[in-house]
Amino acid sequence: MTKTKIGVLGAGTWGTALARMLAGNGCDVTMWSALPDELKAMSVTHAHPNLPGMCLPADMHYTADIEEICGDRDVLLFAVPSVFVRSTARKAAPHIPDGQLIVDVAKGVEDKTLMTMSEIIEDELAKAGRKARVVALSGPTHAEEVARDMPTAIVAACAEEEAAKTVQKIFNTPTFRVYTNDDRRGTELGGAIKNVIALAVGIALGLGFGDSAKAALITRGNAELSRLGIAMGCKPETFAGLSGMGDLIVTCTSMHSRNLHAGMLIGRGKSVEQAKTEVGQVVEGINALPAACHLAKKYKVEMPIVQAVEAILDGKLEARNALMALMGRNLKKE
């Protein structure tokens, strides 16, 4: 039986964990990175420095050639950090066949254009005269857990049902359950905004606040996300699902969450740059914050938690004062 050929763009923790999972699911997997030394180390050690205990299959392939990774693949998996999605898509676009099935797992919204990651990929492909079926794969997941085959559920979202179902079939394993959804924008919005809310939760914990504050921020944060999504034409039920409330819960409560960790450091008095350095990996909530604020303004949606995080990170308000200001807002119905 012919193996499904997967090209993974990005050798970070999430791309690597998914590559290992797909290889174990019988796929022929090749990984690409813009950092050749990173690939060389992985090909020799069969490991990733930030995924201790995980062993990569010996038959995994690696390449630093963007043209090679894009050619003759059943699926291209975009797993680079959100800030590099456009530049990577631009480099890859001339080599991507028309009609290619692409899966994006990066989470974010581009500040200048307010495009989601899937929309950015489609935009760069269009500039190269190509079209693709782009599916967003998003939900409450951590690379550290997927790398250890711990039970996980996720959503494959695309307006084209057949594309979502194809991704569902390829990615589903006994420990990685994939659902489908036709609300791609809502699914991606949840994946981006939840990182900002996780910063708020982390800041609260860093200040010494308790579980009640955490629960309030998660619940009201989801209300903000839902208001914005509905204003943007997304489906309300998306924000009650895995890519909405589900992803919000895991990012705001897990020890694996970079955004929660960064927020805790900021709450304890560290600067944004100090927090980013100490976390040591990309903190997507910091990258997503400007776009979240611009979306709120564009669609005239009230997002006080997001705006409080902006005030803290911009140095306009002390963390404790900003969060207590949320408690002092005018009383209203839930």
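Residues numbered from 1 in each chain as written. Predicted model: local features only at pLDDT ≥ 70, side-chain atom pairs only at ≥ 80, totals over all residues. Heavy atoms only, no water.

Asks: Any chance you could explain the overall build of the protein here in plain terms?
Replies: The secondary structure content of the protein amounts to 15 helices and 8 strands. Its C-alpha atoms give the protein a radius of gyration of 19 Å, near enough to 20 Å, the size a compact globule of 334 residues would have. For the protein, the residues scored as buried account for 53% of the 334 residues in total. With the model as given, the accessible surface of the protein reaches about 14,800 Å², and the carbon-plus-sulfur share is 53%. (Helix = DSSP H or I, 4+ residues; strand = E, 2+ residues; numbered from the N terminus. Rg over C-alpha atoms; globule rule 2.2 N^0.38 Å. Buried < 20%, exposed > 50% of the residue type's maximum accessible area, 1.4 Å probe, protein only. Areas by Shrake-Rupley, 256 points an atom, 1.4 Å probe, with all protein chains shown as cover.)

Asks: Any chance you could explain unusual backbone geometry here in plain terms?
Replies: Most of the time, phi is negative for any residue but glycine, and the peptide bond is trans. One non-glycine residue, Leu 114, adopts positive backbone phi at about 60 degrees. Within the secondary structure, Leu 114 sits in the loop between strand S5 (100-104) and helix H5 (117-127). Not every positive phi belongs to a glycine, and Asp 149 is a case in point at roughly 60 degrees. Mapped onto the secondary structure, Asp 149 falls in the loop between helix H6 (143-146) and strand S7 (152-157).

Asks: What is the right way to look at helix H10 (residues 242-253) in this model?
Replies: For an α-helix, 3.6 residues make a turn, and residues three or four places apart therefore share a direction. Taken together, the buried positions of H10 are Ser 243, Gly 244, Gly 246, Asp 247, Leu 248, Val 250, Thr 251 and Cys 252. At its buried positions, H10 is contacted by strand S6 (132-138), S7, helix H8 (184-206), helix H9 (211-231) and helix H11 (258-267). (Contact = heavy atoms within 4.5 Å.)

Asks: Please explain H8 as it appears in this structure.
Replies: With 23 residues, H8 extends 34 Å from end C-alpha to end C-alpha; this agrees with the ideal 33 Å at 1.5 Å per step. Across the 23 residues that make up H8, a large majority, 21, are buried. Remark: Gly 208 follows H8 within two positions and exhibits a positive phi of approximately 95 degrees. (Expected span 1.5 Å × (residues − 1).)

Asks: I'm lost on the pairing of S5 in this one. Help?
Replies: Each regular strand carries side chains that alternate between the two faces of the sheet. With respect to burial, S5 is a largely interior element, 5 of its 5 residues being buried. What you see with S5 is no split at all: Gln 100, Ile 102 and Asp 104 on one side and Leu 101 and Val 103 on the other are buried throughout. Assessed by its sense of winding, the connection that carries the chain from strand S4 (residues 75-78) through helix H4 (residues 85-92) to S5 is right-handed. Of the crossover connections in this fold, the one passing from S5 over H5 to the parallel S6 is right-handed. (Right-handed = clockwise from strand over helix to strand, strands pointing away.)

Asks: What am I meant to see in the pattern of salt bridges here?
Replies: Note that side chains of opposite charge can pair when their charged atoms are close. The tally for this structure, following the rule as stated, stands at 21 salt bridges. Close ionic contact of Asp 211 with Lys 214 constitutes a salt bridge, the shortest N to O distance being 3.8 Å. One end of the pair is Asp 211 and the other is Lys 214, both in helix H9 and 3 residues apart, which spans about a single turn. In the salt-bridge network here, residues are joined through shared partners; they are Arg 86, Arg 90, Glu 110, Asp 123, Glu 124 and Lys 127. (Salt bridge = Lys/Arg side-chain N within 4 Å of Asp/Glu carboxyl O.)

Asks: Would you take a moment to explain the packing of H4 against H5 for this structure?
Replies: Angle between the axes and distance between the axes: these two values describe a pair of packed helices. One way to put it is that H4 packs onto H5 with a least axis distance of 9 Å and a crossing angle of 30 degrees. Classed by the angle they form, the pair H4 and H5 counts as roughly parallel. As for how H4 packs across H5, the hand of that crossing is right-handed. Of the residues in H5, those touching H4 at Val 85, Arg 86, Ala 89 and Arg 90 are Met 117, Ile 120, Ile 121, Asp 123, Glu 124 and Lys 127. (Axes fitted to C-alpha atoms, helices over the stretch in contact; angles between N-to-C directions. Parallel < 35°, antiparallel > 145°, perpendicular 65-115°, else oblique. Left-handed = near helix turned anticlockwise from the far one by under 90°.)

Asks: What exactly am I supposed to notice about the environment of Met 232 here?
Replies: With respect to the helices, strands and loops of the structure, Met 232 is situated in the loop between H9 and H10. In this structure Met 232 touches Arg 185, Leu 189, Leu 295 and Tyr 299, once residues within four positions along its chain are discounted.

Asks: Before we go on, may I ask you to explain the side chain of Ser 243 in this structure?
Replies: Here Ser 243 lies in helix H10. Residue classification places Ser 243 among the buried residues on the basis of a relative accessible area of 2%. Leave out the neighbours within four places in its chain, and Ser 243 touches Ser 138, Gly 139, Val 155, Thr 187, Gly 190, Gly 191 and Thr 238.

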